2 protein chains.
Amino acid sequence: MSDSEIDTPIAQTVPTPPTPPPERHDEDDRMNPDFVREVIDRVEAGDNEGARALVEPLHAADIADLFELIDRDDRRALAAAVADLLDGDVFAEMNDWVRDELIDALEPHQVAEIAGELDTDDAVAMIEDMEADEQAAVLSAMEPDDRAAIEEALTFPEESAGRLMRRDPIAVPEHWTVGQVIDFLRAEDELTTDFWEVFVVDPQHHPVGSVALSWILRTPRNFAMADLMQREQTLIPVDMDQEEVALRFQKYALISAAVVDPAGRLVGMITVDDIVHIIQEEAGEDVLLLSGAGEGDINEPLRDSYKARVRWLAANLLTALVGSSIIALFGAAIEQMVALAVLMPIVASIGGNAGTQTMAVAVRALAMNQLTRSNSLRTIWREIRLALLNGATIAILIGIGAGLVFGNPALGGVIAVAMLINIVIAGLAGVLVPLLLDRLNQDPAVASSVFVTTITDSMGFLAFLGLAVAAGLVSH
Amino acid sequence: MSDSEIDTPIAQTVPTPPTPPPERHDEDDRMNPDFVREVIDRVEAGDNEGARALVEPLHAADIADLFELIDRDDRRALAAAVADLLDGDVFAEMNDWVRDELIDALEPHQVAEIAGELDTDDAVAMIEDMEADEQAAVLSAMEPDDRAAIEEALTFPEESAGRLMRRDPIAVPEHWTVGQVIDFLRAEDELTTDFWEVFVVDPQHHPVGSVALSWILRTPRNFAMADLMQREQTLIPVDMDQEEVALRFQKYALISAAVVDPAGRLVGMITVDDIVHIIQEEAGEDVLLLSGAGEGDINEPLRDSYKARVRWLAANLLTALVGSSIIALFGAAIEQMVALAVLMPIVASIGGNAGTQTMAVAVRALAMNQLTRSNSLRTIWREIRLALLNGATIAILIGIGAGLVFGNPALGGVIAVAMLINIVIAGLAGVLVPLLLDRLNQDPAVASSVFVTTITDSMGFLAFLGLAVAAGLVSH
């Protein structure tokens, strides 16, 4: 949230229509394609006023959505048509790639003006990915105060609390009364209007407690803040990674939290509305990382998507060669009994599925801090038992099926045993690989599936073809 | 959040240590295994007082974590040792499965007492999964007011706004001044203490605006709420699905929102702290659903996990048979050239990877309402171009490699073309299958991967073996 257009609360007196207007969204709350089409048609017909009339009542987040949904060429045209509606709030809500594309078309002073409207955290998000020279040009066009705040934020590591925080927490001394706090809030024009807690600090500016605004409102004026404040509070170190920050907000159900420097002094605050999209992103990225799709955004430039994905496919090509080499060892066996070639992908494929199931569960549990050294052994043992149950079930199905189809009970037995072995190996690999990567301080979502698939492919071929030879179905 | 232990704000005057205490967590913010071990050791040694001394300073969310991390047997023993610390807040923070397990060991009147401490939404979450007769026993042991509130909540569909909401929003008439609102909040003892906005309603109790508490605090007493309120507000229909509610909170950066009945009357409010775990869950479940791991919780009972996973593996077994049948058609070809059996899994496997990448991106984009009918065609076209780039790269690599290894340039050419074809098919399937399932109002995360893998496996085998025959490498 931002207080961009509003200097003081009382400025908000003009009635505006409720948002989001239902006809602009379909029953799934997605922006209505007909509405989007209508906006573009008007822009293309040169009816900028008409387009503006449609866009103007939209919430900033919906304007951002609109830009994401339309073609690259249409984006420039629409931006020109509704230039005055493209304020900081819209850019703050916009997909990174789409925003960068639009910003590229603006002059540094225009970007500086938009960034100046924003809270520091949103302004930083807007300019942190720019080329160094463009960033410098934008910063030099900003007001000195804003520039100093952004430059300081940029000194903190990317994706750290220091970049997320706002620098304007309301901090009051312990000895103040509720009445003094209210009078202070009413008298000071320069304070932020979007805050949910007041922080109480000692003379060295260390946070010693916090008071939710509802408590201030419900308490008589003569009470001291020291008696009212909650002393238990979650402090966020300024260099903490945003993923950890998000987990803390979630775990302790925080609305806002104080950010402290290494000396323990209050330097900022983070509010939950800046965290929800991080919670979303961090929770949703596992599926993209496990699949090797990188950032996996449909608005990502094609070249970036290509680089991310082809690297993964090439890595998988190398690991697929491991499985192929194992098959090559059994070339003579396959020539004798082509049924082996028909059945072997089934063993590898179901093993891969079983491994992926376990891996997904382990990766999520690690990401949510649910899987630690305290319950690793228990979880591994759980996955082994589950793999034995799954493996036995699938082994019986495929064993009977293959035995009947090929009229060869021994072949049925071989594939059943190979399937059981591979599903158990898959279960073990699915939990051990992520645990090991995590222990090595690697993100288990990034590399687990290459290892697990290599293991389940190779072991599937090896177990099945090896057992076929060992059982005397074919000579080697 | 709950106001369980606190009747009025001023009760909170006793200093308590800051939480979470660092020594109880490791550098990754996970609960320290040595700390967990120490608690269990004390319980097992019969030193309940010692265990209690360790647990007592913990935040409710950390006590809940502690129970999740330990063995089933230890959970009962620890629960007995620290029974008085197990209040509603701890149960509200606990993993569903672990909570159900502990609650099973309690008498209905004990459950009723704990549920009575909670906000309605948390109490509902606690008892909604109970067997009907146990639920009835708990409800009949509750205070009539609490029971009525819970029974009403249970009339709304599971996972709907009606189950999530709290029934105690602060609502004031438009003509009140800021001063009147503050006096009302100070005078009424029965009001909730955890709220972040005051809702303004008309005489029919329809919400007409909302005022953030910070605005009330920063505005002189004589201002009318009608002049101060924000008229743009996001109203949540009482029957809206929680996933939609979560998306709205995220999109519009809401702290709290009014819930309205079908007649548009204010019936409750939802606050963001009750939403963050839903955002987390909904965003994180895609990876579990795509892998076929069901709810994928490491605390889920083994039988439930087995049922969820084996069903998926059996479905994949059926689809693997499609690929096998295609191989069987080419048995004669494989007998003539065993290299085909060695190479064919590579084509299928890389195709599967490419399909999974595209599918993960499409499923996430659909879940976040980023992919709609407005940009479906553009996204499909983007994936085709990406598949052509990826396919050409991998085709060249495998074509040259296979040609050299087998000393057979024609074989290299065949696998290269088959790989390109399969990666393009994979890219198309990866985006079309989720789009189609979504259009049919099915969750694309649930079934996409079975279809996509079947397609990439079958087409991989068919393209490669078919081309080998067509190119005259082998006779058919």
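Please read these numbers as outputs of a predicted model, since none were measured by experiment.

Enquirer: Explain the UniProt feature "transmembrane region" (unreviewed entry) in chain A here, please?
Expert: Residues and elements named next belong to chain A. Feature annotation in UniProt assigns "transmembrane region" (unreviewed entry) to the following positions: residues 312-334, 340-366, 387-407, 413-437 and 449-474. Secondary structure across residues 413-437 divides into 100% helix and 0% strand, with the first and last C-alpha atoms of the span separated by 36 Å. Within residues 449-474, the helical portion is 85% and the strand portion 0%, while the C-alpha atoms at the span's ends are 33 Å from each other.

Enquirer: What exactly am I supposed to notice about the packing of aromatic side chains here?
Expert: What characterises a pair of aromatic rings is the spacing of the ring centres plus the angle enclosed by the ring planes. All told, the structure shown has 2 aromatic pairs over all chains when counted by the stated rule. On the numbers, 5.4 Å between centres and 70° between planes, the contact of Trp176 of chain A with Phe184 of chain A is edge-to-face.

Enquirer: What is the right way to look at the sheet that holds strand E3 (residues 207-212) of chain B in this model?
Expert: Adjacent strands of a sheet form backbone hydrogen bonds with each other and so pair up, either parallel or antiparallel. All names here are of chain B. In spatial order, the strands read E1-E2-E3; together these 3 strands make up an open sheet with mixed pairing. For this open sheet the edge positions go to strand E1 (171-173) and E3, each flanked by a neighbour on one side alone. Averaged over all neighbouring strand pairs, the angle between strand axes comes to 35°, with direction disregarded.

Enquirer: Please explain the interface of chain A and chain B as it appears in this structure.
Expert: The interface is formed by 149 residues belonging to chain A together with 149 residues belonging to chain B. Interface of chain A and chain B: buried area, both sides summed, is about 13,800 Å²; carbon and sulfur atoms make up 61% of it. Of all residues in chain A, the largest losses of buried area upon contact with chain B belong to Leu217, Arg218 and Ile298 of chain A, amounting jointly to 7% of the total for that side. Across the contact surface, chain A and chain B share 10 salt bridges. The shortest N-O distance in the salt bridge between Lys251 of chain A and Asp62 of chain B comes to 2.5 Å.

Enquirer: Is there a simple way to think about the pattern of salt bridges in this case?
Expert: When their charged atoms lie close together, side chains carrying opposite charge are able to pair. Residues and elements named next belong to chain B. By the definition in use, this model includes 38 salt bridges over all chains. For the salt bridge of Arg163 with Glu128, the shortest nitrogen-to-oxygen distance reads 2.6 Å. Of the two residues, Arg163 is situated in helix H11 (residues 161-164) and Glu128 in the loop between helix H8 (120-127) and helix H9 (132-140); the sequence distance between them amounts to 35 residues. For Arg163, a relative accessible area of 12% translates into the label buried.

Enquirer: Before we go on, may I ask you to explain the relation of the copies chain A and chain B in this structure?
Expert: In this structure, two copies of a chain are linked by a rotation about an axis accompanied by a shift along it. Least-squares fitting of chain A to chain B yields an RMSD of 0.0 Å, with the transformation described by 0.0 Å of translation along the axis and a rotation of 180°. Each copy turns onto its partner about a two-fold axis. Identified as the residue of chain A closest to the rotation axis by C-alpha distance is Val287 of chain A, at 2.2 Å. Looking at chain A, 100% of its interface residues are interface residues in chain B too, so the copies touch through the same face.

Enquirer: What exactly am I supposed to notice about the pairing of strand E2 (residues 197-201) of chain B here?
Expert: Along a regular strand, successive side chains alternate from one face of the sheet to the other. Residues and elements named next belong to chain B. Within E2, 5 of the 5 residues are buried, which leaves the element mostly enclosed by the surrounding structure. Pairing of E1 with E2 involves 3 bridges; the strand directions are parallel. Within the sheet, the bridge partner assigned to Pro173 lies in E2 and is Val201. Following the backbone out of E1, through helix H12 (residues 178-187) and into the adjacent parallel E2, one traces a crossover that is right-handed. Where E2 lies against E3, 5 bridges are found, and the strand directions are antiparallel. Across the sheet, Val201 pairs through a bridge with Pro207, a residue of E3.

Enquirer: How do you make sense of the environment of Thr454 of chain B when you look at a structure like this?
Expert: Residues and elements named next belong to chain B. Turning to its location among the elements, Thr454 is positioned in helix H22 (residues 444-470). Residue classification places Thr454 among the buried positions, given a relative accessible area of 16%. With near-sequence residues (within four places) excluded, Thr454 lies in contact with Thr319 and Val322.

Enquirer: What exactly am I supposed to notice about the confidence of the model for chain A here?
Expert: All names here are of chain A. Per-chain confidence: chain A averages 90 in pLDDT, with 95% of residues scoring 70 or above. For chain A, the element scoring lowest by mean pLDDT is helix H8 (residues 120-127), at 85; helix H21 (residues 409-439) scores highest, at 97. This model gives residues 1-22 a pLDDT under 50, and the stretch forms 53 contacts once residues within four places in sequence are excluded.

Enquirer: Help me understand the sheet that holds strand E2 (residues 197-201) of chain A in this model?
Expert: Residues and elements named next belong to chain A. The strand order E1-E2-E3 describes an open sheet built from 3 strands, whose pairing is mixed. The sheet terminates laterally at strand E1 (171-173) and strand E3 (207-212), the two strands that pair on one side only. Averaged over all pairs of adjacent strands, the angle between strand axes in this sheet comes to 35°, irrespective of strand direction.

Enquirer: Mind showing me how you'd approach helix H3 (residues 60-69) of chain B here?
Expert: Side chains that are three or four residues apart share a direction in an α-helix, a result of its 3.6 residues per turn. The buried fraction of H3 of chain B is high, at 10 of 10 residues. Within the sequence span of H3 of chain B, burial applies to Ala60, Ala61, Asp62, Ile63, Ala64, Asp65, Leu66, Phe67, Glu68 and Leu69 of chain B.

Enquirer: Quick question: what am I supposed to make of the UniProt feature "domain: CBS" (unreviewed entry) in chain A here?
Expert: Residue and element names in this part refer to chain A. In this structure's numbering, the residues bearing the UniProt feature "domain: CBS" (unreviewed entry) are residues 165-228 and 229-287. In this annotation, residues 165-228 is assigned 30% helix and 22% strand; the end-to-end C-alpha distance for the span is 25 Å. Helix makes up 37% of residues 229-287 and strand 22%, whereas the separation of the span's terminal C-alpha atoms amounts to 42 Å.

Enquirer: Before we go on, may I ask you to explain unusual backbone geometry in this structure?
Expert: Excluding glycine, most residues fall at negative phi; most peptide bonds, likewise, are trans. Residues and elements named next belong to chain B. Positive phi, close to 60°, is recorded for Glu159, a residue that is not glycine. Mapped onto the elements of the fold, Glu159 is located in the loop between helix H10 (144-154) and H11. Glu159 gets classed as partly exposed once you look at its relative accessible area, which sits at 42%. Even without being glycine, Ala253 reaches a positive phi, approximately 50°. Positionally, Ala253 belongs in the loop between helix H15 (242-251) and strand E5 (256-260). Overall, the relative accessible area of 6% leaves Ala253 in the buried class.

Enquirer: Can you help me understand the packing of helix H20 (residues 376-405) of chain A against helix H17 (residues 302-329) of chain B in this one?
Expert: Where H20 of chain A contacts H17 of chain B, the two axes come as close as 10 Å, and the packing angle between them is 40°. As H20 of chain A runs across H17 of chain B, the sense of the crossing is right-handed. For the pair formed by H20 of chain A and H17 of chain B, the contact residues are Arg382, Glu383, Arg385, Leu386, Leu389, Asn390, Thr393, Ile394, Leu397 and Ile398 of chain A on the first element and Leu302, Ser305, Tyr306, Arg309, Val310, Leu313, Ala314 and Leu317 of chain B on the second. Of the residues contributing to the contact of H20 of chain A with H17 of chain B, the split by class is 11 nonpolar, 3 polar and 4 charged.

Enquirer: What's the story with helix H7 (residues 108-117) of chain B in this structure? I'm lost.
Expert: All names here are of chain B. Here H7 has its buried residues at Val111, Ala112, Ile114 and Ala115. Buried residues of H7, seen end-on, are gathered within an arc of 165° and therefore sit on one face of the element. On its buried side, H7 packs onto helix H5 (88-93), helix H6 (96-104), H8 and H9.

Definitions and cut-offs
- Residues numbered from 1 in each chain as written.
- Chains lettered and ligands numbered in written order.
- Predicted model: local features only at pLDDT ≥ 70, side-chain atom pairs only at ≥ 80, totals over all residues.
- Heavy atoms only, no water.
- UniProt positions renumbered as here; feature names shortened; annotations may be inferred.
- Helix = DSSP H or I, 4+ residues; strand = E, 2+ residues; numbered from the N terminus.
- Phe/Tyr/Trp six-rings, centres within 6.5 Å; stacked < 30°, edge-to-face > 60°.
- Pairing = 2+ DSSP bridges.
- Axes fitted to C-alpha atoms, helices over the stretch in contact; angles between N-to-C directions.
- Contact = heavy atoms within 4.5 Å.
- Buried area = accessible area lost by both parts, 1.4 Å probe.
- Salt bridge = Lys/Arg side-chain N within 4 Å of Asp/Glu carboxyl O.
- Buried < 20%, exposed > 50% of the residue type's maximum accessible area, 1.4 Å probe, protein only.
- Least-squares fit on C-alpha atoms with pLDDT ≥ 70 in both.
- Right-handed = clockwise from strand over helix to strand, strands pointing away.
- pLDDT = per-residue confidence, 0-100.
- Left-handed = near helix turned anticlockwise from the far one by under 90°.
- Nonpolar A, V, L, I, M, F, W, Y, C, P; charged D, E, K, R; others polar.
- Arc of directions from axis to C-beta.

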